[in-house]
Each structure stands twice: as C-alpha cells, then as structure tokens.
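Each chain, written out:
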Amino acid sequence: MNSSSRQRRLTAAALTALAVATTATACGGGSGGTGSNAADSGTYTIWDPYPQFDKSSAWAKLLDSCGTEAGVKIKRTAFDTSDLSNKALLAAQQDNSADVLIVDNPVVSTLAEAGVLTTTDDNKLDTSKVDPNLLAAGQSDGKTYGTPIGANTLALYYNKEVLKEAGVDIASVKDWKSLTAALEKVKKAGKKGITFSAIGTEEGSFQFLPWFWGSGAKLTELDSAQGVLALSLWKDWLDKGYAPNSVINNTQTTSWQEFASGDYAFAENGTWQLAGAEKAGFDYGVLPIPGADGGNASAPTGGEFVTVPVQGDTGRYATSQKLVTCLTSTENLYDTDTTLSYVAPTSEVQDKQIASNAELKPWVDAVKAAKGRTSDDLGTKYPKISEQMWKAVQSALSGSTSPKDALGAAQSAVK
C-alpha cells in the first residue's frame, strides 16, 4: 500500500471510528503518550483501555513482567475506551504507533481496513487455541488481526425469589414461548417481568442482537421475517406490561438498577454486573438468552483484542509478538480475565475458570455461543447497520411505526 493510499484510509477510518460507540465497562480518564518511534530500541510502548488500573495494579505489574521476560522496558499508556481508537489512528498518521495496542473488538476491523494493524501472518502470533467465534471479531477478508484477551457478553439474570412467588420453574424457560409464559405468570403474581436497554445508541443494538440473532436473522437483512419476529417480541412485552416503557431510555446501567430493586424477574445484562449481583441482597441465577425455538442465542461479544500495529521498523515485531504471547498465555489469561470479569477466549482457561467458580458456567456457555458484531465480514459496515437497527427499535417500541415498517425503513437506509 502506498503512503497516500494509506493516508486516505486513515482519514476515512477516523470518521468511522467516531461512529463506533462501544459498550466496554472500563471508565475514567486517560493520559497522553507517544508511540514506539519516539522510544529507544529497548523500550516498547503498550496502549490499553484500562485507566482504572494504576501502576501498582496487578495488570500494570503483568505488563512489566512480560517486558522483563522479553528483555525490554515497558512504557504503558491507558486511555478511555472511546478515545483509544482515535488516538491509535492519529498515531498511525504520524508513523508513531504503539508497539502493542489493546483495543475494543468492534474497532479492530476499522483499524485493519485503515492499514494500522499487522496480520497474524506478519507478526507470527499463534491463535490456534482461541475459540473461533471469538477470534472472528478480529478477522476481515480472511485475515486475522491480533488475538482476544477475553470476552464479556449478555445473558439473563433472574431473581429466584420473584420466580418462586410466581410459580415459575426456571428449568421450563427454554425458548421465547416459555420465557413469555414465565413473564405472564410473574405479572399475574404482582411482580415485574423483564428489564433491558433499548436506548438509541450502540447499547440498544448490543442488547437487541441476541434476540435478533436468536430469531435466525442476519445483519445484512434487517427486515427479514425473522428480524421482524424479534422486534415484535420486544414490542409485545411492552404492550402487555411484561417490560417497562423505561427500556426505551434505559442504558445497561439504569436497566441494572431496575433489576437490583428486587422487583423484576429477569434482566438482560452482562458479566460486568456480577459484582453488583452479589451485592443486590437477593438470590439470583444466570441463564443464557434462549433462541426463538430453543438453544442458546448468539449474544454479541464485548472485550478487547491485543494487536500489533504497523511499524516503520519491522524488526520490532519479534519482540512485540513475545509481549502479546506473554500477555495471552494460559497462566496470565486466567489472572487477567478474573480481574476484568471476562470469560477467557480459550477452552483451556475457561475450564480453569469454571473449576474455580462454578457460577461462571452459564457465562462460559453464553460466550461459546456468542458472536462478534463485525463478524461475517461486516467489518466497517457494522456501525451504519447498528445505527439503523437502534433507530428501528426505538421507532417500534415507542409506537411510531410497526416493527415491520421500522425494520423496512432501516434496511432501506443501510442500502
């Protein structure tokens, strides 16, 4: 790729990156930093989206340890997740990229298309142990860019006390029909059914996707009969009072707060709420989101990829590969994913997580059925599709248009 072509791609990618609103749980401010070209040959730069971990944290110590193992010093800079992709694009434009970049998985395709990232063929990363459905989030046009450090996803939390009062056996909830029947019983018992986030942002699309994919629908055909069925399910729940109208404005955080009140039977939310669930003060369980006709629906994956950006000095790749391999080794993945409340990307470490905490099994099952938002070679097409999806959800749930017409308009807009 010549430099002018790469520059045009970087500029276009910067605009795309602004549209990719991620759902990562990391929060807080970040600090600036410089890429590898400003560093001496014995110092390697790592950029990550974990500003919540300071220099004294186990994460920071792991980075230093991997540097020592590779025979180099580590200069680490932490950014806000939403800021990191733009910083990475700017650094690439200035030929000043970090040696190792840890980035939210939906952004990988944007950076790859812009020519920011090396492929695993270039950097020699071994991804053979990674679950294929998780690795797919970092693949585009048959090439793989990096490796996942872990994954989070969505499932259904349920309040055991509310279900008991309503006479619902959780084992009976296997598909949409039985879930809806459970919600009907809960309402008749004087309790509230299910809460989720349907806000008009990426969070809304993120939460709708398990139902959309669980119907058998594809993102390339938003207005298919299956897609309409999924949106109609949510609309029917609102119409019958099984879900509150507040879902239209709910973020995943406010939706969780509703569930934590103890009045709701179910809440769709993620692994990052496990600590909150322990503090909620009632007995809870976790159920993978069911597909329309049974089985586990594919929920979207959250979590980051560890990538190796393009460098002018290609001789740096060998050490960068050692750093990434160290960070994603079986031993280190277990510790890191426990800290992040992530499910590991390999079966070997997942088994270790379940052995340590049996309550993680539903989450491991959910992750095994999960799917990257940019999978199926959607890549940078996903943000536009997602925006039209959340607009359709908002339109249908508010009663402005029917689910069929809302998704029809969404598909037309995408085309």
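For the structure itself, consult the block above.
Predicted model only: the values in this text are computed from it and were never measured. What you see as residue numbers is a count from 1 along each chain, following the sequence as written. Given that the model is predicted, a residue must reach a pLDDT of at least 70 before its local features are reported, and side-chain atom pairs must reach 80 or more before they are shown or counted; all residues, however, enter totals for whole chains, interfaces and linings. Side-chain calculation: all heavy atoms of the structure are included, whereas hydrogens and water are not.

Asker: Teacher, can you tell me more about the layout of surface pockets here?
Answerer: A water-sized probe, rolled over the atoms, reveals where empty space remains. Definitions used for this entry: grid spacing 1 Å over protein atoms alone; cavity, a set of points where a 1.4 Å probe fits but cannot get out; pocket, an open set with protein on both sides within 12 Å along at least 5 of 7 lines; lining residue, one with an atom within 4 Å of a point. Grid points are joined across faces, edges and corners, and a volume is the space filled by probe spheres set on the points. Its boundaries defined by the atoms lining it, the second largest pocket holds a volume of some 290 Å³. Along the walls of the second largest pocket sit 17 residues, with D126, K129, T325, T328 and S329 positioned nearest its centre. Secondary structure elements are taken from DSSP: a helix is a run of H or I of four residues or more, a strand is a run of E of two residues or more, and numbering for both begins at the N terminus. Those elements giving two or more residues to the lining of the second largest pocket turn out to be β6 (147-148), α13 (317-327) and α14 (330-340). The dominant element in the lining of the second largest pocket, judged by the number of residues it contributes, is α13, at three residues. Asp, Glu, Lys and Arg are counted as charged, while Ala, Val, Leu, Ile, Met, Phe, Trp, Tyr, Cys and Pro are counted as nonpolar; the rest, among them Gly, fall into the polar class. A class-by-class count of the residues in the lining of the second largest pocket yields six nonpolar, nine polar and two charged.

Asker: Where do I start with the state of the cysteines in this structure?
Answerer: Disulfides are covalent bonds that connect the sulfur atoms of two cysteines. Count a disulfide wherever a pair of cysteine sulfur atoms falls within 2.5 Å. Under the defined criterion, the tally for this structure stands at one disulfide. With a sulfur-sulfur separation of 2.0 Å, C66 is cross-linked through a disulfide to C326. One disulfide, between C66 and C326, carries an S-S torsion of -75 degrees and so falls in the left-handed class. Taken together, the residues C66 in helix α2 (residues 58-70) and C326 in helix α13 connect sequence positions 260 residues apart. Since its relative accessible area comes to 1%, C66 is described here as buried. Throughout this description, buried means an accessible area under 20% of the type-specific maximum (1.4 Å probe, protein chains only), exposed means over 50%, and partly exposed covers the range between. C326 sits in the buried class, given a relative accessible area of 6%.

Asker: Explain unusual backbone geometry to me, please; I cannot follow it from the model alone.
Answerer: For residues other than glycine, phi is negative in most cases, and the peptide bonds are mostly trans. The phi dihedral of S341 falls on the positive side, at around 60 degrees, and the residue is not glycine. Tracing the backbone through its elements, the reader meets S341 in the loop between α14 and α15 (347-356). By relative accessible area, which is 31% here, S341 ends up partly exposed. Phi is positive for D376, which is not a glycine, with a value near 60 degrees. Along the chain, D376 falls in the loop between α16 (361-368) and α17 (382-397).

Asker: Even after reading the chapter, I still don't get the packing of helix α10 (residues 225-239) against helix α18 (residues 403-414), so can you show me in this structure?
Answerer: When two helices pack together, their arrangement is given by the angle between the helix axes and by the axis-to-axis distance. One can describe the packing of α10 onto α18 by two numbers: an axis separation of 9 Å at closest approach and a directional angle of 130 degrees. In terms of orientation, α10 lies oblique with respect to α18. Every pair of crossing elements has a handedness; the one defined by α10 and α18 is right-handed. On α18, the residues that touch G227, V228, L231, S232 and K235 of α10 are P403, K404 and L407. When grouped by side-chain class, the residues that make up the contact of α10 with α18 number four nonpolar, two polar and two charged. Axis definition: a line fitted to C-alpha atoms, over the contacting stretch in the case of helices. Angles run 0 to 180 degrees between N-to-C directions. By definition in this entry, angles of less than 35 degrees are roughly parallel, angles greater than 145 are roughly antiparallel, angles of 65 to 115 are roughly perpendicular, and the rest are oblique. By the definition used in this description, the sense in which the near helix is turned from the far one sets the handedness, with an anticlockwise turn below a right angle giving left-handed and a clockwise turn giving right-handed. Contacts: residue pairs with any heavy atoms within 4.5 Å of one another.

Asker: For this particular structure, what's the right way to read the side chain of T319?
Answerer: As for its position among the elements, T319 is in helix α13. Ignoring sequence-local partners within four residues, the contact set of T319 consists of Y44, A70 and V72.

Asker: I would appreciate a short explanation of the sheet that holds strand β7 (residues 154-159) in the present structure.
Answerer: Backbone hydrogen bonds hold the strands of a sheet together, and the pairing may be parallel or antiparallel. A strand pair is defined by DSSP finding two or more bridges across the two strands. Across the sheet, four strands lie side by side as β8-β9-β7-β10; this open sheet has mixed pairing. A strand with exactly one partner marks an edge of an open sheet, and here the two such strands are β8 (192-195) and β10 (284-287). The mean inter-strand angle of the sheet, taken between neighbouring strand axes irrespective of direction, is 20 degrees. Pairing of β7 with β10 involves four bridges; the strand directions are antiparallel. In the sheet register, L156 faces β10, and the bridge partner there is L287.

Asker: Any chance you could explain the environment of A136 here in plain terms?
Answerer: Along the chain, A136 turns up in the loop between α6 (132-135) and β4 (139-140). Look at A136 and you get buried, because its relative accessible area is 18%. When the C-alpha positions of A136 and S375 are compared, they lie 5.6 Å apart, and in sequence the two are 239 residues distant.

Asker: Looking at this structure, how should I read the nonpolar core?
Answerer: Burial of nonpolar side chains together is a common tendency in soluble globular proteins. In this structure, W211, L219, W237 and F266 are the most contacted members of the largest nonpolar core, which totals 56 residues. Taken together, the elements giving at least two residues each to this core come down to β7, α7 (160-166), α8 (176-188), α9 (202-214), α10, β9 (264-270), α17 and α18. Residues contacting W237, with those up to four places away along its chain left out, are L179, T180, L183, I194, F196, W211, Y242 and A243. Of all hydrophobic cores here, the second largest spans 28 residues; its members include I149, Y317, L327 and Y342. Residues enter a nonpolar core if they are buried and are Ala, Val, Leu, Ile, Met, Phe, Trp, Tyr or Cys, with the set joined through side-chain atoms within 4.5 Å.

Asker: Teacher, can you tell me more about the pattern of salt bridges here?
Answerer: Any two side chains of opposite charge can pair if their charged atoms end up close together. Think of a salt bridge as a Lys or Arg side-chain nitrogen and an Asp or Glu carboxyl oxygen that are within 4 Å of each other. Overall, the coordinates contain 12 salt bridges when judged by the stated rule. For D239, the salt bridge is made with K235, and the minimal N-O distance between the two is 3.3 Å. Residue D239 and its partner K235 are both found in helix α10; the two are separated by four residues, about one turn of the helix. In this structure, D365 engages K361 in a salt bridge whose closest nitrogen and oxygen atoms are separated by 3.0 Å. Of this pair, D365 and K361 both sit in helix α16, separated by four residues, roughly a single helical turn. Take D365: its relative accessible area is 27%, and that puts it in the partly exposed class.

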